[in-house]
Amino acid sequence: MSKDYYETLGVNKGASKEEIKKAFYKLAHKYHPDKKGGNEAQFKQVNEAYQVLSDDAKRSKYDQYGSGDGVDYGDFSAQGGPASGWDFSGFGDFSAQGGSAFSGDFGNLNDIFSDFFTGGMGGGRREVRRGRDISTEIQIFFADSIFGINRKILITKTSSCLTCHGSGAKVGTKMETCKHCNGQGQIRETKRSFLGNISSTKICEICLGSGEVPKEKCETCKGKGVLRREEEVSIVIPAGIRNGEMIRMTGYGEAVAKGTTGDLYIKVNVASHSVFKRDGNDLVMNLNLKLSDALLGTEYPIQTLDGDIKVTIPEGVTINEILRVRGKGVPTGKNKRGDLLIKLYIKLPSKISRKSRELIEELKKEGI
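Residues numbered from 1 in each chain as written. Predicted model: local features only at pLDDT ≥ 70, side-chain atom pairs only at ≥ 80, totals over all residues. Heavy atoms only, no water.

> Just to check I follow, could you spell out the environment of Pro331 for this structure?
Along the chain, the position of Pro331 falls in strand 15 (residues 331-333). Residue classification places Pro331 among the partly exposed positions, given a relative accessible area of 23%. Between the C-alpha atom of Pro331 and that of Asp282, which follows or precedes it by 49 residues, the distance is 9.3 Å. Not counting residues up to four positions away in its chain, the partners in contact with Pro331 are Ile146, Phe147, Ala239, Lys336 and Arg337. (Helix = DSSP H or I, 4+ residues; strand = E, 2+ residues; numbered from the N terminus. Buried < 20%, exposed > 50% of the residue type's maximum accessible area, 1.4 Å probe, protein only. Contact = heavy atoms within 4.5 Å.)

Below you can see the structure in the form of structure tokens.
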């Protein structure tokens, strides 16, 4: 069913942007769910109408097609704040331009509404602080990329204090209630807006949301619970990893006091091999044969990544023919591996002796 956005805002179809904006502010003030007698459903309808009519492209599309099924103007029903369709970026500008209904100093209204719609109105949720993710690179040998390896690296990052184990307290001393937030871990703030006073909460900057502070600070980290230091990290590189792949190590990034540690990302660079190349789960190598061996067949010793093996060259092989050795490729699971592919090249002599020439002439007569 088509919605009449002009009727929702109480303006005519030829209304200017300024008229639409004024109508929206008036109705938003009236229906905002935080106000006594507010109406959340009506507020959403007003916001939806404003989102369409305040945008030239959307308004043109609406005037042409209406708001029936299949016409996409964006998401107006989400509860997630400005990024989900709630747009209050113009309130401050409107007040500054002399909007009679909403004059006064209301501060940053985007912040106010962001607090409201993300649960900052005292909904009981505490902000979880998280350390930064960090990244580094390592280089490994080709064989190590096939079979896997354990590596240890040293990285310098913000880590939990080893003396106080992240508490920030001097060893042997107790924690006490934070006086700044009275142990709540949060500070409640009230901001003035055209909707009246809007309250929001934010994490306490003194206790960082824990509600407690050390009676005596740790001498190593000065009460912060974290400090920058060099740390050894053990990395398990799985078998079959490819060049450029990333390994994510959860909780090995930078630490923050009274919060969760970020993640460490390791980019693995695989060195090239002088003999082998990788093709999916198979290993590929080239093998140069003598002409006589290609004609008569023989056995060739091959040094693989697993060790030495002997490969049987059948009679009469051709150039670029490929021999397959099962189970000598990349591990793909428990007791499963790809194959080793040997591409054959016949090496012709650049010079031949008189005897060799005579023999070849005889072979020529045989049609070989």
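There's more to say after this.
> Teacher, can you tell me more about the pairing of strand 14 (residues 322-325) here?
A regular strand carries its side chains on alternate faces of the sheet. Taking every second residue as pointing to the same face, the buried face of strand 14 carries Leu323 and Val325, while none of Ile322 and Arg324 on the other face is buried. In this sheet, strand 17 (residues 340-347) lies alongside strand 14 in antiparallel orientation, the contact comprising four bridges. Bridged to Ile322 within strand 17 is Lys343. (Pairing = 2+ DSSP bridges.)

> Would you mind going over the packing of helix 3 (residues 40-53) against helix 4 (residues 56-65) with me for this structure?
Working note: a packed helix pair is described by the angle between its axes plus the distance between those axes. At a minimum axis distance of 6 Å, the contact between helix 3 and helix 4 shows a crossing angle of 105°. By the angle class used here, helix 3 and helix 4 are roughly perpendicular. Taken together, the residues of helix 4 that come into contact with helix 3 (itself represented by Gln51, Val52 and Leu53) are Lys58, Arg59 and Tyr62. Class assignment for the residues of the contact of helix 3 with helix 4 results in three nonpolar, one polar and two charged. (Axes fitted to C-alpha atoms, helices over the stretch in contact; angles between N-to-C directions. Parallel < 35°, antiparallel > 145°, perpendicular 65-115°, else oblique. Nonpolar A, V, L, I, M, F, W, Y, C, P; charged D, E, K, R; others polar.)

> Can you walk me through the nonpolar core in this structure?
Taken as a class, soluble globular proteins show a tendency for nonpolar side chains to be buried jointly. Core analysis: the biggest nonpolar cluster contains 35 residues, and Ile235, Ile313 and Ile342 have the highest contact counts within it. In this structure Ile235 touches Ile138, Ile149, Asn150, Arg151, Ile153, Ile247, Met249 and Ile266, once residues within four positions along its chain are discounted. Formed by 19 residues, the second largest nonpolar core is a distinct cluster that contains Leu9, Val11, Phe43 and Leu53. (Core = buried A, V, L, I, M, F, W, Y, C linked by side-chain atoms within 4.5 Å.)

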